[in-house]
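Report on the structure
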Amino acid sequence: MVHSAYDSFELLNNCPARIDAVESHCSKLLVGCSDGSLRIYCPDSSGADRSPPSDPHALRKELYSLERTVAGFSKKALLSMKVLESRELLLSLSESIAFHRLPNLETIAVITKAKGANVYSWDDRRGFLCFARQKRVCIFRHDGGRGFVEVKDFGVPDTVKSISWCGENICLGIRKEYMILNATNGVLSEVFSSGKIAPPLVVALPSGELILGRICWSEAPTAVVIQKPYAIALFPRRVEIRSLRVPYPLIQTIALHNAHHVINSNNAIVVASNNSVYGLFPVPIGAQIVQLTASGDFEEALALCKMLPPEDANLRAAKEGSIHIRYAHCLFDNGCYEEAMEHFLASQVDTTYVLSLYPSVVLPKTSTIPEPEKLVDLSPDASQLSRDSSGWSDDLETSLTQPSESDDNAVLEFKKMSHNTLMALIKYLQKKRSGIIEKAAAEGTEEVVLNAVGDNFTSTRSKKSHKGRGNISINSAAREMAAILDTALFQALLLTGQLAAALELLKGLNYCDVKICEELLQKGNHYAALLELYKSNSMHREALKLLHQLVEESKTNQSQAALIQKFSPEAIIEYLKPLCGTDPMLVLEFSMLVLESCPTQTIDLFLSGNIPADMVNSYLKQYAPHMQGRYLELMLAMNENGISGNLQNEMVQIYLSEVLEWYSEISAQQIWDEKVYSPTRKKLLSALESISGYNPETLLRRLPPDALFEERAILLGKMNEHELALSLYVHKLQVPELALAYCDRVYESADHQLPGKSSGNIYLTLLQIYLNPKKTTKYFEKRIASLALSPNASVPKVGSAVSVKSKGGRKKIASIEGAEDLRVSLSNTDSSRSDGDGDGDVEESGEEVGSTFMFNQVLDLLSRRWDRINGAQALKLLPRETQLQNLLPFLEPLLRKSSEAYRNFSVIKSLRQSENLQHLSQLSNNMRNR
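Per chain, the residues get numbers from 1 upward, laid out in the order the sequence is written. The predicted origin of the model limits local features to residues at a pLDDT of at least 70 and limits the giving and counting of side-chain atom pairs to 80 or more, whereas totals for whole chains, interfaces and linings rest on all residues. In computing side-chain properties, one takes all heavy atoms of the structure into account and sets aside hydrogens as well as water.

**As for the overall build of the chain**
- Secondary structure elements are defined from DSSP: runs of H or I of at least 4 residues count as helices, runs of E of at least 2 residues count as strands, and each element is numbered from the N terminus. The number of helices and strands found in the chain is 29 helices and 28 strands.
- Contacts in the chain between residues at least 24 apart in sequence constitute 55% of all its contacts with a sequence separation of at least 6.
- Summing over all exposed atoms, the chain offers an accessible surface of approximately 46,700 Å²; the carbon and sulfur share of this is 51%. In what follows, residue pairs with any heavy atoms lying within 4.5 Å of each other are defined as contacts. Each accessible area is a Shrake-Rupley result for a 1.4 Å probe, and residues are judged covered by the shown protein chains and nothing else.

In structure tokens form, the structure reads like this:
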């Protein structure tokens, strides 16, 4: 877009001779004329109101007058001149190349080999000169004094039309081609063609780069000079000024007739015509920026801002920011939403300013963030260029007004525009987010540290953590800005259908306003995102209530397969897992909702979460008593060693209560059968057998006197009341196999736990019961009654003596535990007395006892457990009328074992005697040898 980059000013006119070349030195003009003279012009300072120049070495924007003329400066017309500022030399190209000392113009060197040269290039850094004549390219080096030394001389294919140094090499324009000449070995490399019309023109940039036909001029220029940021091309009737930024737009055209020579001075472009010299003075950068901004050429204006001097850094930042904002509004109005957001981002304008363009996005109320700012003027005198931001918001709101539904095309266009604007906003907010969130998190960390050390000034601040941010009440600018950004970003993601991205936002550190986002999610039925919103803000109770509601709805509406799959009872358990360590009571409260449907997973939740079992049991006992037993039994099955004695007793009590309730119902119907087992009774029996943490005395008192004998037997066994337990198995249950199994358990447990004591006494106790069934039955009833009436009454041990009568008279059953081990022999098998007659006897009842006893069970016991029964004791207990042949299954293996043991003992005795004799013989030999 065209604007005024240069002001043209005629420095001199009516030169008496045709001007062939021009150059400037300090504030003077050096004009080479066709008559071979060099005319020196200086500013006309005759005016009385002339102010002293700010830069005495710069060209002035005023008329120049002739200072002096150097006649005969060159024999032929000058082709070009160049001032070498660093060396205080003037280079002139005429029939050859000459060097003159400035300012007196003394000729110090003439390169005769340059005779006929048409183009040259000077490398000021190294002091190298290259020139072309005919089909040769020569290189000379300035030796620092008055002389030049030839370095290289290379041949080229054709006449060189343009030449310039390119680093260590030389770029040439030959015919219609650009070529690179290696200054070391003379190798030529083709670059590309200049085209069929334009001749190759090599122009060096200050950075060392070259412009090789990149700029598309209106026609082929005669010369081009560079003054950043512009390229100035000379044409016969005008001067064109183009930007050096792609695509090299035309900036300005200045009409100058008969212009044929152009050079770049230190502060201006000098153009010479036949008899006049013009100066093109740059318009101040600030003024150009205002022009470009007013005309809407924001890109060029931003490029010029980078050319402002470093000392104006603040001004530059302000101008750039304002231009970015204006450019962003322009792009936004034209539907380039993403590009607009890029410029809003570059302007560093407050986020709320950008969000004011989106009236549909609801923002949280803040206490420290001000209202969106007005658009800043570019300069104090550019008020006409300012633009109020509210006007843009109104325009956007008007443009986003929903069209009537009848106009389908308008509806589609509206939806597309809305989607595109929101997508651009999302990208903008995502780029801004990292820095804002980082500041907010640092602010939160600082607050936590200050609160920890008890700093007084933080007492007015909210004690909420950064995760609890419902309505922003904390006095924090960074966190309020983070809340605004995240809330807007979340809404934009939802409105564009990016639910997965919205979920990811909530899963990480975020500052979304709970109230606004909650309302939006509830309207859209976005339950997963709503749950994540609650979770990210530590609103676990609300999340769990919602989860429970969704689970219940999924049960009642089976058609919603997606709901059933996503919101199953297991979802509540998964949510509760991380809360076990921080809020166990909340876990217990909401686990009750899924304990019945997912008992195993819920118990596993309690175990894996290390929630104290006593706490769980107490909660269940109060709020879900019907699940208490299930919890305890599952816990016992999953972690047998992790359940305390108190909980074991609790579980058995629960089982017993259920069994007693069941027993009451059956008894009321008069159909009770001792051998009928309900599932709960089976559990009770298993628990009574397998666990040991309960109190048997307490349970025993709860049993009915005329039922549940198997439970009673197990409890008596736990109390070491073996005789009473066996009596129950034999007389009440009438299942000898259970009695035998009971004896086996006691025998095997005693074998492991009480080494050194005779563990076979339990079988003798059973034997006594079989031999005296009537007596033991009455004794059992008496003991049971005493246990029921007196909880603390002592109960005799297994070996307590019981007095019974047989047909042949009174016979005392010896104390089994205190009896001696006697050697078994056939001579004492019919003994009717025990060796323990002196042991404590139980008072006899005086009632005669019949001779009936359970003989078959006695023989079966002796034959099956002969190896565990003390034979001598057993034989003493048997009646005298017992047939010996009936005892063969018992005595045969017993005697065989006894005989084998006797033989083994004899062999061992003989071996020991032999060994003793050997030792005596050896001792005797040793004595004799001495």
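Next, the rest of the story.
**Here we look at the sheet that holds strand β17 (residues 188-193)**
- One bridge is not enough; two strands pair if DSSP finds at least two bridges between them. What the four strands build is an open sheet, ordered β14-β15-β16-β17; its pairing is antiparallel. The open sheet is flanked by β14 (160-166) and β17, the only strands paired with a single partner. Here the strands of the sheet are splayed against their neighbours by 25° on average, with no regard to which way each runs.
- Here β14 pairs with strand β15 (residues 169-174) via six bridges, running antiparallel. In the strand pairing of β15, S162 is matched with G173. Under this scheme, a helix contributes an axis fitted over its contacting stretch, all axes are lines through C-alpha atoms, and angles between N-to-C directions fall in the 0 to 180 degree range.

**Overview of the packing of helix α3 (residues 313-333) against helix α4 (residues 337-347)**
- With their axes 8 Å apart at the nearest point, α3 and α4 run at an angle of 165° to one another. Between α3 and α4, the crossing angle belongs to the class labelled roughly antiparallel. Taken as a pair, α3 and α4 cross one another with a handedness that is left-handed. Contacts from G321, H324, I325, Y327, A328, H329, L331 and F332 in α3 reach Y337, E339, A340, M341, H343, F344, A346 and S347 in α4. For classification, angles of less than 35 degrees are called roughly parallel, those exceeding 145 degrees roughly antiparallel, those between 65 and 115 degrees roughly perpendicular, and all remaining angles oblique. In this scheme the crossing of two helices becomes right-handed for a clockwise turn of the near helix relative to the far one and left-handed for an anticlockwise turn of less than a right angle.

**Brief notes about unusual backbone geometry**
- Here the amide bond leading from K228 into P229 is cis, since omega sits at 10°, within 30 degrees of zero.
- If you trace the backbone, P229 turns up in the loop between β20 (223-227) and β21 (230-234).
- In this chain, V246 is followed by P247 through a cis amide linkage whose omega measures 10°.
- Inspection of the secondary structure assignment puts P247 in the loop between β22 (238-243) and β23 (250-255).
- The backbone of R175 sits at a positive phi, close to 50°, despite the residue not being glycine.
- Within the secondary structure, R175 sits in the loop between β15 and β16 (177-181).

**Remarks on the environment of L201**
- Of note, L201 is situated in the loop between β17 and β18 (202-204).
- Looking at L201, the relative accessible area reads 25%, which means it is partly exposed.
- In this structure, the C-alpha to C-alpha distance between L201 and K161, residues 40 residues apart in sequence, is 7.6 Å. Only protein chains enter the accessibility calculation, which uses a 1.4 Å probe; a residue whose area is less than 20% of its type maximum is buried, one above 50% is exposed, and one in between is partly exposed.

**Quick look at helix α27 (residues 855-864)**
- All of the buried residues along α27 are V858, L859, L861 and L862. Projection of α27 onto a plane perpendicular to its axis shows the buried side chains occupying an angular sector of 160°, all on one side. What the arc describes is the spread of directions from the helix axis to the C-beta atoms.

**Side note on the sheet that holds strand β9 (residues 106-111)**
- Spatially, four strands are ordered β6-β7-β8-β9 in an open sheet, and the strand pairing comes out antiparallel. The sheet is open, and its two borders are formed by β6 (80-84) and β9, each paired with just one other strand. For this sheet, the mean angle separating the axes of adjacent strands, direction not counted, is 20°.
- Judged from the five bridges that link them, strand β8 (residues 97-101) and β9 form a sheet pairing that is antiparallel. If you follow A98 over to β9, its bridge partner there is V110.

**What about the packing of aromatic side chains?**
- Stacked, tilted and edge-to-face pairs are distinguished by plane angle, under 30 degrees for stacked and over 60 for edge-to-face with tilted covering the rest, among Phe, Tyr and Trp rings (Trp via its six-membered ring) whose centres lie within 6.5 Å. Scanning the model with the defined rule gives 17 aromatic pairs in all.
- Both rings, one in F128 and one in W165, keep their centres 6.1 Å apart while their planes meet at 75°; by these two values the pair is edge-to-face. With F128 in strand β11 (residues 128-133) and W165 in strand β14, this pair connects stretches of sequence that are 37 residues apart.
- Judged by relative accessible area, F128 falls into the buried class, the value being 16%.
- Plain terms: the ring middles of Y729 and Y742 are 5.7 Å apart, the flat faces sit at 50° to each other, and that makes the pair tilted. With Y729 in helix α23 (residues 722-732) and Y742 in helix α24 (residues 736-753), this pair connects stretches of sequence that are 13 residues apart. Exposure class is identical for Y729 and Y742. Each is buried.
- Site record: aromatic cluster; members linked through ring pairs are F99, W122 and F148.
- Only lysine NZ and arginine CZ atoms are considered, and such an atom sits over a ring when it is within 6 Å of the ring centre and within 35 degrees of the ring normal. Of note, R126 hangs over the ring of F128, and the distance from its end group to the ring centre comes to 4.5 Å.
- Over the face of the ring belonging to W165 we find R126, whose NZ or CZ atom lies 4.8 Å from the ring centre.

**Digging into helix α10 (residues 514-524)**
- Listed as buried for α10 are V514, I516, C517 and L521. Along α10, the residues classed as buried sweep out an arc of 165° about the axis, all on the same side. The exposed residues of α10 that point more than 90 degrees off its buried face are K515 and K523.
- Packed against the buried residues of α10 are α8 (477-495) and α11 (527-536).
- Downstream of α10 by a residue or two, N525 has a phi angle that is positive, lying close to 55°.

**Focus: the confidence of the model for the chain**
- In this model, the chain carries an average pLDDT of 79, and 79% of its residues clear a pLDDT of 70 or more.
- Every residue in residues 374-406 scores below 50 in pLDDT, and together they form 54 contacts with partners more than four places removed in sequence or on other chains.
- Considering only residues more than four positions removed or in separate chains, one finds that residues 791-851, a stretch of pLDDT under 50, has 93 contacts. Per-residue confidence from the prediction method is given by pLDDT, with values spanning 0 to 100.

**Considerations on the nonpolar core**
- Definition of nonpolar core: a set of buried residues of the types Ala, Val, Leu, Ile, Met, Phe, Trp, Tyr and Cys, connected through side-chain atoms within 4.5 Å. Counting residues in hydrophobic clusters, the biggest one holds 176 residues, and the most contacted among them are F344 and L425.
- In contact with L425, other than residues within four places in its own chain, are M341, V354, L355, Y358, V361 and A492.

**Observations concerning the pattern of salt bridges**
- What makes a salt bridge here is a side-chain nitrogen of Lys or Arg within 4 Å of a carboxyl oxygen of Asp or Glu, nothing more. Tallied over the entire structure, the rule returns 28 salt bridges.
- Between E320 and R316 there is a salt bridge; the shortest N-O distance is 3.6 Å. One end of the pair is E320 and the other is R316, both in helix α3 and four residues apart, which spans about a single turn.
- When its relative accessible area of 16% is taken as the criterion, E320 is described as buried.
- Here E711 ties to R681 by a salt bridge, and the two come within 2.6 Å at their closest N and O atoms. Linking E711 in helix α22 (residues 709-718) with R681 in helix α20 (residues 679-690), this pair joins segments that are 30 residues apart in sequence.

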